[in-house]
Amino acid sequence: MMRARLSGERIKGDLVRKIEEFSGQNLLACNQCGKCSAGCPAAAVMDLLPNQVIRYAQFGLEEVLESNSIWICASCQTCYARCPHGVDLPRVMEALRVIALEEGGDYLRPQELDEDEVAEMPQLAIIGGFRKYTLMGG
Amino acid sequence: MAKALGLELEELQDWNCCGATFPLAMDNLLAITGPARVLVAARAQSERIATLCAICYNVLKRTNHFLQCDAEKRERINYFIEAEYAGDLRVQHFLEILRDELGFDALKQRVDEARETTGKSLAGLKVAPYYGCLLLRPQKEMQLDDAEDPRIMEDLLDALGCEAVDFSHRVECCGSYLLVTSADLVTDMSYAVLESAIRSGAELLVTACPLCQYNLDSRQEEMARQHPDFKPLPVLYFTQLMGLALGLDSDDWGWELHHVDPRPVLAKYGL
């Protein structure tokens, strides 16, 4: 579990503003009930649970950009379907991916893929993957 | 299939890929242009577009919704792709056309007629209807069925004369495009889905999404390696099962391309 220091500066800082702008979501609408994490089919392998991702985002903690959770989220929309406050967490995850890609470059590079696996992989997965893991697609 | 049911489909001229994901960043208009172009091409030919893929359905329907709700962005996208799309196309999944236009009662009648001619029937076959994510969610935009407790595939299976198995993971994610970066996670997520269907007595599973079909089918060798008790479960596209129920000639339906061969299970029921 990551530890992070809170500060008024970070809460009012650029990261919170960017996440809200890219996602179109009001982060403070989340009251941390945890339903997103309870229903997330990939939460078991995330280093920050979905509700913790929002918590980090609310406080403007850049550590969230280092989390594996933003890359593991498959935009399956289960959390959004169950959020009692209608927070569109898949959009928050996408905003975090976009910011991380802008800062750190592409998460997926074609030359890293196994040629034999790609040969059999459906185009849907390849196109979807590059849309999510590189900046040009988003 | 559509022809056999008296439904007329016309091939979309000048189509392009929808992009396979709906862009979720609010300012990403570039990724909207691809699916918007598909809608424009379809509108030139008809008042609606049919898709067989849950992902195309999701991307096209959400794009359409976006263009309907935001006139200013619609204008910008129209300007960019040199079109005058007004947002007045209907996006439909083939399942939706079966339910709302042909009707499942009419389909059942066709299935009954086919049974009388061929002597073949799906009676007794236990099938798990798997929805996954994008066919249903987000419900406010997709509006196909209840996102947590859908019925459309169960009702289809009833009409086809087989038994729809109720299982816990029918609206859980298979892992989708994570296949590209985290194939092991897709194996785990797809295993949870199949495990739940098998535990509920399913002999087959049907999907309405090609990526679900691939993930659930192709990861099973790996699942068997990790879980010695795992028994493979054939994964069919819903149209394949429909074709069998309607007594259509199924020799060239790519059965040999399945990772888990469904033919032994089908043979048990004389199909």
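Let me sum up the structure you'll find in this document.

Looking at the pattern of salt bridges
Where charged atoms from two side chains of opposite charge come close, those side chains can pair.
Then, in step 1: Overall, the coordinates contain 26 salt bridges over all chains when judged by the stated rule.
Then, in step 2: Note that E63 of chain A and R10 of chain A form a salt bridge whose closest N and O atoms lie 3.1 Å from each other. Of the two residues, E63 of chain A is situated in the loop between α4 (50-58) and α5 (69-72) and R10 of chain A in helix α1 (residues 8-11); the sequence distance between them amounts to 53 residues.
Then, in step 3: Its salt-bridge partner being D70 of chain B, residue K73 of chain B comes within 3.5 Å of it at the nearest N-O pair.
Then, in step 4: A relative accessible area of 22% means that D70 of chain B is categorised as partly exposed.
Then, in step 5: Among the ionic contacts, a cluster of salt bridges with common partners joins R10, E62 and E63 of chain A.

Quick look at the side chain of T33 of chain B
Then, in step 1: If you trace the backbone, T33 of chain B turns up in helix α1 (residues 30-45).
Then, in step 2: Every residue in contact with T33 of chain B, bar those within four places of it in the chain, is listed here: F80 and I81 of chain B.

So, helix α9 (residues 123-133) of chain A
Working note: α-helix, 3.6 residues per turn, so residues spaced by three or four point in the same direction.
Then, in step 1: Every buried residue of α9 of chain A is listed here: L124, A125, G128, G129, F130, K132 and Y133 of chain A.
Then, in step 2: Buried residues belonging to α9 of chain A abut α5 and α7 (89-104) of chain A together with α2 (54-69) and α9 (210-218) of chain B.

The rules behind the values
- Numbers given for residues are sequential positions, taken from 1 along each chain in its written order.
- The naming scheme follows written order: chains are lettered A onward, ligands numbered 1 onward.
- Local features in this predicted model are restricted to residues of pLDDT 70 or higher, and side-chain atom pairs are both shown and tallied only at a pLDDT of 80 or more, whereas totals for entire chains, interfaces and linings draw on every residue.
- Hydrogens and water are ignored here; the side-chain numbers use all heavy atoms of the structure.
- Salt bridge, as applied in this entry: a Lys or Arg side-chain nitrogen positioned within 4 Å of an Asp or Glu carboxyl oxygen.
- The secondary structure listing takes helices from DSSP runs of H or I that are at least 4 residues long and strands from runs of E that are at least 2 residues long, numbered from the N terminus.
- Partly exposed residues are those whose accessible area sits between 20% and 50% of the maximum for their type, while under 20% is buried and over 50% is exposed, using a 1.4 Å probe and protein chains only.
- Contact definition: two residues touch when any of their heavy atoms are within 4.5 Å.

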